[in-house]
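Structural description and commentary
In case you want the letters, here they are:
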Amino acid sequence: MSSMIDDLLNPEFLPDKTEMVSLIQTHISIVFLADGFVYKIKKPVNFGFLDFSTLKKRHYYCHQEIILNRRLSKDIYIDVLPILYDGQNYRMGIGEGRIVEYAVKMKRLPDEMLMKSVFFRGELKGEHLKKVAQVLARFHQKASNSMNINKFGEPEIFKINTDENFAQIQKYIGTTIQKRDFNTLKQWTENFYHSNRPLFMNRIKSKKIRDCHGDLHMEHICLTENLPIFDCIEFNNRFRYTDTIADIAFLLMDLEYFEGNSLSENLWDFYKKIANEHDVNSLLAFYKIYRAIVRGKVNSFQLDDENIGMEKKKEAIEISRKYFRLAKSYIE
Ligand SMILES: Nc1ncnc2c1ncn2[C@@H]1O[C@H](COP(=O)(O)OP(=O)(O)O)[C@@H](O)[C@H]1O
Ligand SMILES: [Mg+2]
């Protein structure tokens, strides 16, 4: 894997002319950022909820990524490209050798216009939030809804996600989460299902369970003219077939994680008017907690990733702890 990364950081081995190539790694991807394009490779990992363990699966999910993301990012996702190894070097696109990997090719979006960058410059304004709210509310209204998708709104089915989180976080008790906090969050979540079954069932009746984005945070929204929203969940329908407010809860939680509480309130006010949402505060809090826990979890996963260095791991510990603290703060 590391020699493939080294080669592909060399513009010579990429399919399009570029001066610069830089690298971003997430727990599931290796992302090469070139001048005009971005090439994204899936890591051969299996987390249960996500299985990229074979080349065939990675190839399939590269195509899924393109199809699903075109819903909210019309002209950004371009193609799936092979990566070839000729016995000496790895090369993307065309060339000699056997196919060892696949990459999703997309247009490069301007880093400085990602919602997170705009937020950090202190330039995120009401007009941005209004536009984001409009795009999302419209997307949610049009997103597919079916009997099958509705099933995922049932508390018993959604509980698979929260059970899985707690099972997978268990090993980080004492590292990124304290035992007491783990127990509090788990107990609170259990109780919520017991006391709020009608809330979940009403959401199904109101057709609010849809084929959503599933990974809606500020790094996936670009505040340019067409407002592309990218990197939805392609690897597991169970995370994408969800309550529309579970989708927006992610973004609200993300703003709150970075102390953007009034912006979060602002965004919710815009969104709920357009999407005609009433009396959903407790469910919204439930989904914010769920989302904060997911972020705590995936950041904890970085501790077990051999491609990630010590410094990044230390950072990941701090980030995870902060997400788990945020989750707990919603209960308090
Ligand atoms: N087309 C793009 N233009 C600019 N930056 C991008 C692009 N695609 C990805 N990135 C950057 O790389 C990061 C990781 O890519 P992403 O698609 O979110 O990977 P993952 O599916 O592993 O979360 C993004 O959060 C964003 O900062
Ligand atoms: Mg991402």
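What counts, and at which threshold
- Residues numbered from 1 in each chain as written.
- Chains lettered and ligands numbered in written order.
- Predicted model: local features only at pLDDT ≥ 70, side-chain atom pairs only at ≥ 80, totals over all residues.
- Heavy atoms only, no water.
- Domains from an automatic or database assignment.
- Contact = heavy atoms within 4.5 Å.
- Buried area = accessible area lost by both parts, 1.4 Å probe.
- Pairing = 2+ DSSP bridges.
- Helix = DSSP H or I, 4+ residues; strand = E, 2+ residues; numbered from the N terminus.
- Axes fitted to C-alpha atoms, helices over the stretch in contact; angles between N-to-C directions.
- Donors = N, O, S within 2.8 Å, 3.2 Å for Na, K, Ca; no water.
- Buried < 20%, exposed > 50% of the residue type's maximum accessible area, 1.4 Å probe, protein only.
- Phe/Tyr/Trp six-rings, centres within 6.5 Å; stacked < 30°, edge-to-face > 60°.
- Disulfide = S-S within 2.5 Å.

It is worth spelling out the domain arrangement of the protein chain at this point. Domain boundaries in the protein chain define domain 1 (2-108) and domain 2 (113-331). For domain 1 and domain 2, the distance between their C-alpha centres works out to 26 Å. Across the contact, 22 residues belong to domain 1 and 26 residues belong to domain 2. Ranking the residues of domain 1 by area buried against domain 2 places Phe 49, Arg 71 and Leu 72 at the top, with a combined share of 38%.

Next up on the list: the sheet that holds strand β2 (residues 29-34). Ordered in space as β1-β2-β3-β6-β4-β5, the six strands form an open sheet in which the pairing is antiparallel. The outermost strands of the open sheet, each flanked by one partner alone, are β1 (21-25) and β5 (90-92). Pairwise comparison of adjacent strand axes, ignoring direction, gives a mean angle of 25 degrees for this sheet. In this sheet, β5 lies alongside strand β4 (residues 77-85) in antiparallel orientation, the contact comprising three bridges. Bridge pairing in β5 places Ile 83 opposite Met 92. Most of the contacts of helix α2 (residues 55-69) go to strand β6 (residues 98-107), to which it runs at about 15 degrees, and overall it touches β3 (37-42), β4 and β6.

Coordination of the magnesium ion (ligand 2) by the protein is provided by His 220 (NE2) and Asp 231 (OD), with metal-donor distances spanning 2.1 Å. Within this pair, whereas His 220 is found in the loop between β7 (209-211) and α9 (237-240), its partner Asp 231 is found in the loop between β7 and α9, the two being separated by eleven residues in sequence.

Here we take up the pairing of β2. Side chains on a regular strand alternate between the two faces of the sheet. By the criterion of burial, β2 is predominantly enclosed, with six of the six residues buried. Of the two faces of β2, the one lined by Ser 29, Val 31 and Leu 33 and the one lined by Ile 30, Phe 32 and Ala 34 are each fully buried. Here β1 runs beside β2; their pairing, made up of five bridges, is antiparallel. Bridged to Gln 25 within β2 is Ile 30. Counting the residues in the hairpin turn of β1 and β2 gives three residues.

Before going further, it helps to spend a moment on the packing of aromatic side chains. Scanning the entire structure with this criterion turns up 30 aromatic pairs. Judged by centre distance (6.2 Å) and plane angle (45 degrees), the ring pair of Phe 49 and Phe 235 falls under tilted. In this pair, Phe 49 sits in the loop between β3 and α2 while Phe 235 sits in the loop between β7 and α9, placing the two residues 186 residues apart along the sequence. Here Phe 49 and Phe 235 have matching classes, each one buried. With a centroid separation of 5.6 Å and 50 degrees between ring planes, the pair formed by Phe 52 and Tyr 61 is classed as tilted.

So, about the state of the cysteines. Scanning the model with the defined rule gives zero disulfides in all. Left unpaired, Cys 222 is separated from the closest cysteine sulfur, that of Cys 232, by 16 Å. On the basis of relative accessibility, which here comes to 0%, the residue Cys 222 falls in the buried class.

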